[in-house]
Amino acid sequence: MITKEIKNKAIIRALIGFILGMFISMAFCFNNHDGFDARFVTNLLMGGLVGLINNGTSVAYNIESWGTTKATFIHYISTVIVFLTIALSMDWFRMDMTLAIFMVIFTLVYVIIWVCEYMYMKKTVKEFNRELDELKKNEKG
Amino acid sequence: MREKLRQMKDMVDIEVVLDEQYIDPKVTILTKENTAQVENIIAAIENVSRSDYPMIATDTDNRVEFISQRDIVRVYVDGRRVVLQTEDASFSIKKPLIAVECDLNTDRFLRISQSEIINLYKVKCFDFNTAGTIGVEFDCGVKTWASRSRVRQIKELFRKNKERGHG
């Protein structure tokens, strides 16, 4: 269930992401531009937009009824779609090997995070069941 | 380890024995015959027990019924209703979930999501699937899920019960 609290969190994170995205974009673009021209500003704003979506959609992990898999998938897909659209239209990347390698690494990061989370939760649940058995063995009366 | 704590002699002989196997106190009354005095003692003990862990009042079809906390499997929100579920039946509660949570024994009950509180002693097992949700199955066969954000609280309740069990 998407509560009011989740919506507020999404807005705040989106704003933080927008600012962070602009800073990161500034760091990449600063050396490549002569002053604050229109292209520089556009790059800044597009970087901010990527940050906005990436950070804003991270609330997917806070939605109680969504499992890790769904949350990871939603976050991944929303980030990839926005990033690719902006990156290709802004000429940050071209449809070449560099982009392919970047996407593979990007996807791999999400897979690794999902696998780590899955293994941690599996281990935690195993511990819970062990504790539960002990609890029931000790319960009397 | 059993340890006889004290022995009192008055009208009634009271013996308190510390035994770490008994997490919840067990009262055994030894008597020659079941008299009014014995009934009064039982009533007094039950009153004290209820005041520590009050029975939960339910209101289903305009009929008020009091449910012992030991019988509760879970309490959850279903639409606009708060539902109390035992192994045999479901009952409606007129209070909000947060108010019910205040009445429940915190050594047994645990909130596993925004809309559900469970009795840990009624849980058969937990599981975790590839969808990434923590499943909870109860002894009576009912299944639900726990929020990943409540993992810490579940661990804490197990730790608390472990400490109680070892005195």
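The structure reproduced in this document is the subject of the present report. All values derive from a computational prediction rather than experimental measurement.

## Notes on the side chain of A:Glu64
1) Next: Following the sequence through the fold, A:Glu64 ends up in the loop between helix H2 (38–56) and helix H3 (68–89).
2) Next: Classification of A:Glu64 as buried rests on a relative accessible area of 18%.
3) Next: A:Glu64 has contacts with B:Ser113, B:Gln114, B:Trp145, B:Ser147, B:Ser149 and B:Arg150, leaving out every residue within four places of it along the chain.

## Structural notes on the nonpolar core
1) Next: One finds B:Leu120, B:Phe126, B:Ile134 and B:Phe158 to be the most contacted residues of the largest nonpolar core, which totals 23 residues.
2) Next: If you list the elements that add at least two residues to this core, you get helix H4 (97–138) of chain A together with strand S8 (109–113), strand S10 (123–128), strand S11 (134–138) and helix H3 (151–165) of chain B.
3) Next: Counting residues per element, this core draws most heavily on H4(A), which supplies five residues.
4) Next: Discounting chain neighbours no more than four positions away, the residues touching B:Ile134 are A:Met121, A:Val125, B:Phe126, B:Asp127, B:Phe128, B:Thr144, B:Trp145, B:Ala146, B:Ser147, B:Arg148 and B:Val151.

## Let's talk about the packing of H3(A) against H4(A)
All names here are of chain A.
1) Next: For the pair H3 and H4, the least separation of the axes is 11 Å and the interaxial angle reads 165°. One finds that H3 runs roughly antiparallel with respect to H4. For the element pair H3 and H4, the recorded crossing hand is right-handed. Taken together, the residues of H4 that come into contact with H3 (itself represented by Thr-68, Thr-69, Thr-72, His-75, Tyr-76, Thr-79, Val-80, Phe-83, Leu-84 and Leu-88) are Leu-99, Phe-102, Met-103, Phe-106, Thr-107, Tyr-110, Trp-114 and Glu-117.
2) Next: Its residues assigned to classes, the contact of H3 with H4 shows 11 nonpolar, six polar and one charged.

## A look at the pattern of salt bridges
Residue and element names in this part refer to chain B.
1) Next: By the definition in use, this model includes 17 salt bridges over all chains.
2) Next: For the salt bridge of Asp-59 with Lys-94, the shortest nitrogen-to-oxygen distance reads 3.4 Å. In this pair, Asp-59 sits in strand S3 (residues 56–60) while Lys-94 sits in the loop between strand S7 (90–93) and helix H2 (97–103), placing the two residues 35 residues apart along the sequence.
3) Next: A residue is classified by how much of its surface remains accessible, and Lys-94, at 69% relative accessible area, is exposed.

Parameters at a glance
- Residues numbered from 1 in each chain as written.
- Chains lettered and ligands numbered in written order.
- Predicted model: local features only at pLDDT ≥ 70, side-chain atom pairs only at ≥ 80, totals over all residues.
- Heavy atoms only, no water.
- Helix = DSSP H or I, 4+ residues; strand = E, 2+ residues; numbered from the N terminus.
- Buried < 20%, exposed > 50% of the residue type's maximum accessible area, 1.4 Å probe, protein only.
- Contact = heavy atoms within 4.5 Å.
- Core = buried A, V, L, I, M, F, W, Y, C linked by side-chain atoms within 4.5 Å.
- Axes fitted to C-alpha atoms, helices over the stretch in contact; angles between N-to-C directions.
- Parallel < 35°, antiparallel > 145°, perpendicular 65-115°, else oblique.
- Left-handed = near helix turned anticlockwise from the far one by under 90°.
- Nonpolar A, V, L, I, M, F, W, Y, C, P; charged D, E, K, R; others polar.
- Salt bridge = Lys/Arg side-chain N within 4 Å of Asp/Glu carboxyl O.

In short, shape yes, function no, at least from these values alone.
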